[in-house]
Amino acid sequence: MGLFSFLKNKFGSKPKDEATKTYEKGLEKSHKAFASRLDALSKRYGKVNAEYFEELEEILIESDVGVDLSLRLCEELLDKSKSEGLSDPKAINDALVDLMFVDYATKGQAIVNEVNFAPDGPTVLLVVGVNGVGKTTSIAKLAYRYKNQGKKVMLAAGDTFRAGAVEQLGIWADRLGIDIVKGAANSDPASVVFDAARKAKQDKVDLLIVDTAGRQQTKANLMQELSKITRVLGKEIPGAPHECFLIIDATTGQNGVSQARCFKEVAPLTGIVVTKMDGTSKGGIILSIRDELGVPVRFMGLGERMEDLEEFDLDKYLYGLLLGADDGSA
Ligand SMILES: Nc1nc2c(ncn2[C@@H]2O[C@H](COP(=O)(O)OP(=O)(O)OP(=O)(O)O)[C@@H](O)[C@H]2O)c(=O)[nH]1
Ligand SMILES: [Mg+2]
């Protein structure tokens, strides 16, 4: 049985659980764009041929699967169709899902979701990303998640670049009923982080989440600032930062992938949070990020509320993308 049928059996049976419904809803736009085109393509061709694979390649690229990965997937499919004598478009689409799964599952750093907590002392999660991608919102969502899991959470307003950023994070901290450590506007982020690390130790905090400024004139500046923050954290708390999440806005497409490439060079990334998945029709970006960087997607942002954060689950993601709420076969 191919993965396609497997996913259909696993998630398609009724009643559906809440998480599956959330995925379906969050990936609705991507599903409509991707699966309907795939469906139309299979219906137009009785048998696959060179043109079929060309069109398929185009659909994949336009869904932000990334040029390299799209080309590779199509090449592998072509080989498979030749060696196994597959000519039915449906069989090819089935094989495509299998390949997408294998590519994600076997590449790069191990797949994990939850923050890995240090055995003792505060665990530090550094959050990086360019402006406007949803950093502050994601920090609030993560704080909410771990507070609900019974952890003592504290925030550090390391984005001192923009006065509004500190204020915005403060509002979330109030709403969540958790502590926040702030510095004066334009103060050195490393000094805010230093204070926060001290306080986190004193207050026996389980999770310290550090916001940072993404806007820097040059990559050298960004690298300098992040390495200073990282050094300060590591001096105060052994092993810190334990986690470093890059936030990527799914609606920025391949631009988000190049941001990721840049940040991977300047920060010790351990995970990605892809935000605004609910607002894009190009959900393939997740496959592209994994293919290019090998860093696992830990969570997905599927809305603006603090509850709208889901653990990334490869099966559910592929199900949402390919089968979606209507459960029709692509
Ligand atoms: N639909 C949707 N909107 C989101 C999501 N995450 C964030 N947003 C919205 O995106 C906008 C920017 O989010 P912020 O969290 O302020 O982004 P930021 O990266 O902290 O921005 P700066 O601090 O200005 O650099 C806000 O209007 C959020 O409500 C998401 O997963 N889905
Ligand atoms: Mg912010």
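Look above for the structure.
## Section: the packing of helix α3 (residues 28-44) against helix α13 (residues 314-322)
The contact between α3 and α13 brings their axes to 7 Å, and the two run at 65°. The angle between the axes of α3 and α13 places the two elements in the roughly perpendicular class. Two secondary-structure elements touch here, α3 through Ser30, His31, Phe34, Ala35 and Leu38 and α13 through Gly320, Leu321 and Leu322. Across the contact of α3 with α13, the residue classes break down as 5 nonpolar, 3 polar and no charged.

## Topic: the pairing of strand β2 (residues 153-158)
Every regular strand shows the same layout, with side chains that alternate between the two sheet faces. In terms of burial, β2 is a largely internal element, 6 of the 6 residues being buried. Across 6 bridges, the pairing between β2 and strand β4 (residues 207-212) is parallel. Bridging from a neighbouring strand, Ala156 pairs with Val210 of β4. Pairing geometry for β2 and strand β3 (residues 179-181), over 3 bridges, is parallel.

## Examining helix α8 (residues 163-176)
With 14 residues, α8 extends 21 Å from end C-alpha to end C-alpha; this agrees with the ideal 20 Å at 1.5 Å per step. Inspection of α8 places Ala165, Val166, Leu169, Gly170, Trp172, Ala173 and Leu176 among the buried residues, and these make up the whole buried set. Down the axis of α8, the buried set is contained in an arc of 165°. They therefore lie on one face. Projecting away from the buried face of α8 at angles above 90 degrees are the exposed residues Ala163, Glu167, Asp174 and Arg175. Buried residues along α8 sit in contact with α7 (135-148), β2, β3 and β4.

## A word on the pairing of strand β7 (residues 297-301)
Across the 5 residues that make up β7, a large majority, 5, are buried. Running through helix α12 (residues 285-293), the crossover from strand β6 (residues 271-275) to the neighbouring parallel element β7 is right-handed. Note that β7 and strand β8 (residues 309-311) share 3 bridges and pair antiparallel. Bridging from a neighbouring strand, Phe299 pairs with Glu311 of β8.

## Section: the side chain of Ser70
Note on placement: Ser70 falls in helix α5 (residues 67-83). Here Gly66 takes part through its backbone oxygen, which lies 2.6 Å from a polar atom of the side chain of Ser70.

## Description of helix α2 (residues 18-26)
The periodicity of an α-helix, 3.6 residues per turn, causes residues three or four places apart in sequence to face the same way. The set of residues buried in α2 consists of Thr20, Tyr23, Glu24 and Gly26. Contact partners of the buried residues in α2: α1 (3-12), α3, β7, β8 and α13.

What counts, and where the lines are drawn
- Sequence order sets the numbering: in each chain, residues are counted from 1 along the sequence as written.
- Chains carry letters and ligands carry numbers; both start at the beginning, A for chains and 1 for ligands, and go up in the order they are written.
- Reporting of local features is limited, given that this is a predicted model, to residues whose pLDDT is at least 70; pairs of side-chain atoms are given and counted only at 80 or more, and all residues count toward the totals for whole chains, interfaces and linings.
- Side-chain metrics in this entry use all non-hydrogen atoms of the structure; hydrogen atoms and water are not considered.
- Note on geometry: axes are C-alpha line fits, over the in-contact stretch for helices, and angles between N-to-C directions span 0 to 180 degrees.
- Each helix corresponds to a stretch of at least 4 residues labelled H or I by DSSP, and each strand to a stretch of at least 2 residues labelled E; elements are numbered beginning at the N terminus.
- Comment on the angle field: the value is read as roughly parallel under 35 degrees, roughly antiparallel over 145, roughly perpendicular from 65 to 115, and oblique elsewhere.
- Contacts are residue-level and defined by heavy atoms, with any inter-residue pair within 4.5 Å sufficient.
- Classification used: nonpolar for Ala, Val, Leu, Ile, Met, Phe, Trp, Tyr, Cys and Pro, charged for Asp, Glu, Lys and Arg, polar for all others including Gly.
- A simple rule labels every residue: compare its accessible area, found with a 1.4 Å probe on the protein chains alone, to the largest value its type can have, and call it buried under 20%, exposed over 50%, or partly exposed in between.
- In this analysis, strands are considered paired if DSSP registers two or more bridges between them.
- Each helix should span, by expectation, one fewer than its residue count multiplied by 1.5 Å.
- The arc in question is the one traced by the directions running from the helix axis out to the C-beta atoms.
- Consider the strands pointing away from the viewer: the crossover is right-handed when the path from the first strand over the helix to the second runs clockwise.
- N or O atoms within 3.5 Å of each other form a polar contact, as long as, within protein, one can give a hydrogen and the other can take it, and as long as residues adjacent in sequence are counted only when both atoms are side-chain atoms.

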